[in-house]
Amino acid sequence: VQLVESGGGLVQAGDSLRLSCEASELTFDHYSLAWFRQAPGKEREWVAALSWRTSGTYYSNSVKGRFSISRDGAKTTGYLQMNNLEPEDTAFYYCAAQGSLIWDPYGDMTYWGKGTLVTVST
């Protein structure tokens, strides 16, 4: 099973980016999808999640109202739409799959991607 992120890059504050997470040998039909990020010198933090069963979405306070998590109909690709980006959003972004019908914020992630870098300049 592989998760491959794409869509990162260098943008200016206020711009938008959409990250993609393509899954191979796995469909998000049986996994909850999540995005995490890790800025240089900081710990990894959870950003957003989408429950498999309910399609409910969850966001950290730092991105609520600006980011949106989704998946495609085939459930092999997940997305993170990021609007009104801020320099504080600069980080490596990782997608992950959790083998849980409903997102468990305290549960372990089953699979991880290798990340894509997002850099937001002032």
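Summary of the structure given here. Everything quoted here is computed from the prediction, not taken from an experiment. (Residues numbered from 1 in each chain as written. Predicted model: local features only at pLDDT ≥ 70, side-chain atom pairs only at ≥ 80, totals over all residues. Heavy atoms only, no water.)

### Regarding the pattern of salt bridges
Basically, it comes down to this: In what follows, salt bridge is the name for a side-chain nitrogen of Lys or Arg lying within 4 Å of a carboxyl oxygen of Asp or Glu. For the exposure calls, accessible area comes from a 1.4 Å probe over protein chains only, and a residue counts as buried if that area is under 20% of its type's maximum, exposed if over 50%, partly exposed in between. Numbering goes from the N terminus for both helices and strands, where a helix is a DSSP run of H or I of at least four residues and a strand is a run of E of at least two.
Within the structure shown, the criterion is met by four salt bridges. With a closest N to O distance of 2.6 Å, Arg37 and Glu45 form a salt bridge. Judged by its relative accessible area of 5%, Arg37 falls in the buried class. Since its relative accessible area comes to 33%, Glu45 is described here as partly exposed. Of the charged contacts in the structure, one is a salt bridge between Arg66 and Asp89, with a shortest N-O distance of 2.8 Å. Of this pair, Arg66 sits in the loop between strand 6 (57–59) and strand 7 (67–71) while Asp89 sits in the loop between strand 8 (77–82) and strand 9 (91–98), and the two are 23 residues apart along the sequence. Of the two residues examined, Arg66 and Asp89, each falls in the buried class. A single network of salt bridges, built from pairs that share partners, joins Arg37, Glu45, Arg66, Glu86 and Asp89.

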